[in-house]
Amino acid sequence: MLWGKLVGTDKIQILVVDDDEDDIYLICDTISECPGNSYSVRTSNKPPEAAEILRQGGVDVVLCDYVMGSVTGIDFITAARAEGIDVPIILLTGMAAGSADQAALEAGASDFISKTNMTSEVIDRAIRYSIANTERHRLFQTVLNNVNAAVALIDRDQQPTLWNPEFGELAKNHANDSGCEADIEAFAGEMLAAKRTISIGGRVLDKNVSNTPDNGVVIILHDVTEHVEALREREKAENRAAHLAMNCSLTSLPNRNAFSERINSEIADAKSQGREFYLLNLDLNKFKEVNDIYGHNKGDLLLIEVAQRLSDCCQGDDYIARLGGDEFMAIQTKPPGSTDLPSLAKRIGLSVDTSIQVDDILVRTGVSIGVAVFPHHGETAEELMSKADIAMYRAKADPINRIYAYDEEMDRNVRETMKIGQELRKAVENGCIDVYFQPQADFERGETIGFEALARWNHPELGPIPPSTFIPIAEENGLITELGELALTRACEIAAGWDNSLSVAVNISPVQIRHVDLPALVHSVLLKTGLPPSRLELEVTESVLIDDESRALHALRGIKNLGVSIALDDFGTGYSSLSTLISFPFDKIKVDRSFVEQLGHNHQADVIIRAIIGMAHQLGFKIIAEGVENREQIEFLLRERCHEMQGFFIGRPVPADNISEYLASSKTSGIRQQSIVRNENDEINKRRAV
Ligand code: C2E
Ligand code: MG
Ligand code: MG
């Protein structure tokens, strides 16, 4: 550091460059008279040689003649500065100070001394002044080079006088961007004119300009790329959060928040324009089962696919949102005067009510749609949604029509059903569901062989509520699993107490097969109650196999493996698919009551029962007819060789306490049946004899 030499003991190295030996002598002499003897001097009378000495380093200051043959002192300075040598150079001249002075300073001279008034004081002052100045300049340059910005000093004539490497680098990048030569002056001019935020070479720069005392300016360009990127990221995150706040993350459909904004604005618009619109409440059928059976992952995939189909059904202003789970809402403008169901509902029905491939499984869910119309069914979002909900529940209960528009009667029914559902829950929880037993008899032996267990609910205010009312409600609200377990346990407990080998038949809902590990449940109930498996029969309907054949078959096999028998209930009413009969080795087929009651009145019923019984014989199933109420029916069934019967003719469902009484009195009916059998045989023998 030259500051040290200025104040310390190390001598300051001076290089004197002059083509005139006399002048060199004179200059050295004057220097030697400088106070403090703090200078050591080297000399050269040839500018190229002097330049070489400078290059080698060690020189602290140069005293250079202005005119050296063909080379001027300004040439010397210009060449040194071009090489990046920033050693202070003081020009000495015999000429009077004036324009040359200015030219020398502009070329980079540190000072200018006239040889005519060159004294040791003048030289000493000029040297110290130049060194101090250069040192200050170097410090400034160091700061400039290390500042974390591109900086340039522009003079009042708009010429860049000083800039740091960062600024030079930017000028190069800018030239690259625009495909022209790097030019500091042009670049500085552009930067002065540019807006506050500038983009160069993929970087974002923030420009600051401040004035200098001599009417120039300092341009400072800060690299704010990272900051801008962070801001962009933040903006993206904010947008994402805003999207999530209004959209469902799984399906990307608008969510409940978005829907509630939309329906309120739709109501406001429709009110002001005097128009109507439909509100659709959509609920996937069997979604819970897909989730329960195949897992939530598959359930999610199903929702994504359904959401896509729902979106694809939308046309024009149609709007669809997912409120949660498998619940969706849609809005469609109603054409003036139209009495039709919304076209969107029909499109959705067609699109969703088909098989849907979810990963490796094929599911058929379908959708139930309830429709409410603004303003007829409500003028607030809440009212409309509740009406559409009621209509949707009505649609859910109908296996064929899946789209229902709201009406008032529906409202009454749904409210009643909901009330009954709540009270049924209490009854099940408190064990207030009773089980009655209806006898089943064998034709051939003419005696009672067992009982069908039938659930009974005696409502404290409404009186007995038939199972045909409360079982579907229990199936709809999920109560059936508890109710079914209660009925099964109670039936097995009671049957285990009978001191004979009578069997008990218990009805099992398809919902139980889907949601409960039935073989495990039956096994534990048998263990708990001590009923031998051979005395238990479960009655299932065909719908079990239609809904999900593989799961149902698996459960039925598991139950059969326990030694429990399985009867196919209500045969003839559902699909009555023959494939059902061969898909599982049922122990028994129950011919539905609706056929039995038409025997003798409807020729077709006669033919169907005859065919069912014949087929059961061929396939090796036992066959039982239910709903047998009179002698004619018995005679027909006997003739057709039906194995067993159940019905009011031999006994109505009775409480468990009445069974022994029934059994005692039923001996008569047993005899009666035997006599029927005997009479029938006599009849046949008579005919043969004739
Ligand atoms: P189901 O299993 O077909 O039961 C036979 C139904 O026919 C019973 O009606 C019974 O009382 C009635 N019935 C029997 N013989 C005659 C007759 O000669 N004439 C007439 N008119 N009816 C007769 P209930 O008890 O009202 O049960 C109706 C349905 O409710 C049952 O049909 C069954 O599907 C269901 N159910 C009853 N209890 C349970 C249960 O514990 N669990 C399940 N999942 N379903 C049950
Ligand atoms: Mg039954
Ligand atoms: Mg039945």
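Preceding this section is the structure that the text describes.
Residues numbered from 1 in each chain as written. Chains lettered and ligands numbered in written order. Predicted model: local features only at pLDDT ≥ 70, side-chain atom pairs only at ≥ 80, totals over all residues. Heavy atoms only, no water.

1. Observations concerning the overall build of the protein
Looking only at helices and strands, one finds 26 helices and 29 strands in the protein. On C-alpha atoms alone, the protein measures out to a radius of gyration of 52 Å, which is more than a quarter above the 26 Å that the 2.2 N^0.38 rule sets for 690 residues. If you line up the protein on its principal axes, its C-alpha atoms span 170 × 60 × 45 Å. Here the protein holds 690 residues, and 47% of them are scored as buried. When contacts within the protein are restricted to residue pairs at least 6 apart in sequence, long-range pairs at least 24 apart make up 62% of them. Accessible surface for the protein amounts to roughly 34,800 Å². Of this, 50% is attributable to carbon and sulfur atoms. (Helix = DSSP H or I, 4+ residues; strand = E, 2+ residues; numbered from the N terminus. Rg over C-alpha atoms; globule rule 2.2 N^0.38 Å. Buried < 20%, exposed > 50% of the residue type's maximum accessible area, 1.4 Å probe, protein only. Contact = heavy atoms within 4.5 Å. Areas by Shrake-Rupley, 256 points an atom, 1.4 Å probe, with all protein chains shown as cover.)

2. Some words on a negative patch on the surface
Taken together, the side chains of Asp19, Asp20, Glu21 and Asp22 define an acidic patch exposed on the protein surface. As for its placement among the helices and strands, Asp22 is situated in helix α2 (residues 21–32). (Patch = residues over 30% accessible without salt bridge, like charges linked within 9 Å, V, L, I, M, F, W, Y side chains within 5 Å. Salt bridge = Lys/Arg side-chain N within 4 Å of Asp/Glu carboxyl O. Lys, Arg positive; Asp, Glu negative; His and termini not counted. Charge placed at Lys NZ, Arg CZ, Asp CG, Glu CD.)

3. Points about the pairing of strand β12 (residues 217–223)
When strand β8 (residues 150–154) meets β12, the two strands line up antiparallel, connected through 5 bridges. Following the sheet pairing, Ile154 is matched in β12 by Val217. Relative to β12, strand β11 (residues 203–211) runs antiparallel, the two sharing 7 bridges. Looking across to β12, one finds that Val209 is bridged to Ile219. Between β11 and the antiparallel strand that follows it, β12, lie 5 residues; Asn215 among them carries a positive phi value of about 65 degrees. (Pairing = 2+ DSSP bridges.)

4. A closer look at the coordination of the magnesium ion (ligand 3)
Around the magnesium ion (ligand 3), the protein contributes the donor atoms Asp569 (OD), Asp570 (OD), Glu626 (OE) and Glu626 (OE), which lie 2.0 to 2.5 Å from the metal centre. Each donor residue of the magnesium ion (ligand 3) belongs to the same chain, with the gaps between them written as D-D-x55-E. In this structure, the magnesium ion (ligand 3) is positioned 3.9 Å from the magnesium ion (ligand 2), and both are ligated by Asp569. Taken together, the positions of Asp569 in strand β25 (residues 565–571) and Glu626 in strand β27 (residues 622–626) put the pair 57 residues apart, joining distant regions of the chain. Given the relative accessible area of 7%, Asp569 is considered buried. (Donors = N, O, S within 2.8 Å, 3.2 Å for Na, K, Ca; no water.)

5. Notes on the coordination of the magnesium ion (ligand 2)
The coordination sphere of the magnesium ion (ligand 2) contains the protein donors Glu452 (OE), Asn507 (OD1), Glu539 (OE) and Asp569 (OD), at a distance range of 2.0 to 2.2 Å. Site description for the magnesium ion (ligand 2): donor spacing in sequence, E-x54-N-x31-E-x29-D.

6. Observations regarding the side chain of Thr93
Among the structural elements, Thr93 can be located in strand β6 (residues 89–93). Filtering out sequence-adjacent residues up to four positions away, Thr93 remains in contact with Tyr66, Phe112, Ile113, Ser114 and Lys115.

7. A word on the sheet that holds β6
In space, the 5 strands of this open sheet follow the order β2-β1-β3-β6-β7, with parallel pairing throughout. Where the open sheet ends on each side, the last strands, each with one partner, are β2 (39–44) and β7 (111–114). If you compare each strand with its neighbour and ignore which way they point, the axes differ by 25 degrees on average. Strands β1 (12–17), β2, β3 (61–65) and β6 of the sheet are contacted by α2, whose axis makes an angle of about 175 degrees with β2. Along the sheet, helix α3 (residues 47–56) contacts β1, β2 and β3; its crossing angle with β1, the most-contacted strand, is approximately 160 degrees. (Axes fitted to C-alpha atoms, helices over the stretch in contact; angles between N-to-C directions.)

8. Topic: the site of ligand 1
Among the 22 residues in the neighbourhood of ligand 1, the closest are listed as Gln438, Asn507, Arg593, Glu629 and Phe648. Arg456 has a polar side-chain atom sitting 2.9 Å from an oxygen atom of ligand 1. One of the side-chain nitrogen or oxygen atoms of Arg593 is found 2.6 Å away from an oxygen atom of ligand 1. Put simply, the parts of the chain that give the shell around ligand 1 at least two residues each are β21 (447–459), α16 (467–476) and β25. No other element matches the 4 residues that β21 contributes to the shell around ligand 1. Here the shell around ligand 1 is composed, by residue class, of 9 nonpolar, 5 polar and 8 charged. (Near = heavy atom within 4 Å. Polar contact = N/O pair within 3.5 Å; in protein donor to acceptor, adjacent residues only side chain to side chain. Nonpolar A, V, L, I, M, F, W, Y, C, P; charged D, E, K, R; others polar.)

9. Here we look at the pattern of salt bridges
Scanning all chains against the criterion turns up 34 salt bridges. Between Arg125 and Asp111 there is a salt bridge, with the nearest N and O atoms lying 3.6 Å from each other. Within this pair, whereas Arg125 is found in helix α6 (residues 120–146), its partner Asp111 is found in strand β7, the two being separated by 14 residues in sequence. Residue Asp111 is classed as buried on the basis of its relative accessible area of 13%. A salt bridge links Arg415 to Asp411, with the nearest nitrogen and oxygen atoms 2.7 Å apart. Remark: Asp411 and Arg415 occur in helix α15 (residues 408–429); sequence separation between them is 4 residues, near one turn of the helix. With a relative accessible area of 47%, Arg415 lands in the partly exposed category. Via salt bridges that share partners, Asp18, Asp23, Asp65 and Lys115 belong to a single interconnected network.

10. Structural notes on the packing of aromatic side chains
All chains considered together, the criterion is met by 8 aromatic pairs. Look at Tyr66 and Phe112: their rings are 6.1 Å apart centre to centre, the planes differ by 75 degrees, and that puts the pair in the edge-to-face class. Within this pair, whereas Tyr66 is found in the loop between β3 and β4 (67–68), its partner Phe112 is found in strand β7, the two being separated by 46 residues in sequence. A relative accessible area of 13% means that Phe112 is categorised as buried. Look at Phe451 and Tyr662: their rings are 5.9 Å apart centre to centre, the planes differ by 75 degrees, and that puts the pair in the edge-to-face class. Remark: Tyr662 occurs in helix α26 (residues 659–689) and Phe451 occurs in strand β21; sequence separation between them is 211 residues. An aromatic cluster of three or more residues is present, and its members are Phe437, Phe451, Trp498 and Tyr662. Stacked on the ring of Tyr129, the Lys or Arg Arg125 has its end atom at 5.8 Å from the ring centre. Above the face of the Phe648 ring, Arg652 is positioned so that its terminal group lies 3.9 Å from the ring centre. (Phe/Tyr/Trp six-rings, centres within 6.5 Å; stacked < 30°, edge-to-face > 60°. Lys NZ or Arg CZ within 6 Å of the ring centre and 35° of its normal.)

11. What about helix α11 (residues 287–294)?
Considered for burial, the residues of α11 that qualify are Phe287, Glu289, Val290 and Asn291. In this structure, the buried residues of α11 make contact with β13 (277–284), α12 (296–313), β17 (361–364) and α18 (510–515). Note on α11: the residue one or two positions beyond its end, Gly295, has a positive phi of about 100 degrees.

12. Considering the nonpolar core
Counting residues in hydrophobic clusters, the biggest one holds 64 residues, and the most contacted among them are Val504, Leu536 and Leu637. If we skip the residues at most four places from it in the chain, Leu536 touches Leu488, Cys492, Val504, Val506, Val522, Leu526, Leu531, Val564 and Ser565. Formed by 28 residues, the second largest nonpolar core is a distinct cluster that contains Leu282, Phe287, Val306 and Ile320. (Core = buried A, V, L, I, M, F, W, Y, C linked by side-chain atoms within 4.5 Å.)

13. Side note on the packing of α15 against α16
Remark: α15 packs on α16, axes separated minimally by 10 Å, with the N-to-C direction vectors making an angle of 80 degrees. Relative to α16, the element α15 lies roughly perpendicular. Facing α15, whose interface residues are Thr417, Ile420, Gly421 and Leu424, α16 presents Phe470, Ile473 and Ala474. (Parallel < 35°, antiparallel > 145°, perpendicular 65-115°, else oblique.)

14. Details of the environment of Val352
Here Val352 is to be found in helix α13 (residues 343–352). On the accessibility criterion, Val352 (0% relative accessible area) is buried. Val352 sits 111 residues away from Gly463 along the chain, and the two C-alpha atoms are 42 Å apart. Leave out the neighbours within four places in its chain, and Val352 touches Leu284, Val306, Arg309, Leu310, Thr365, Gly366 and Val367.

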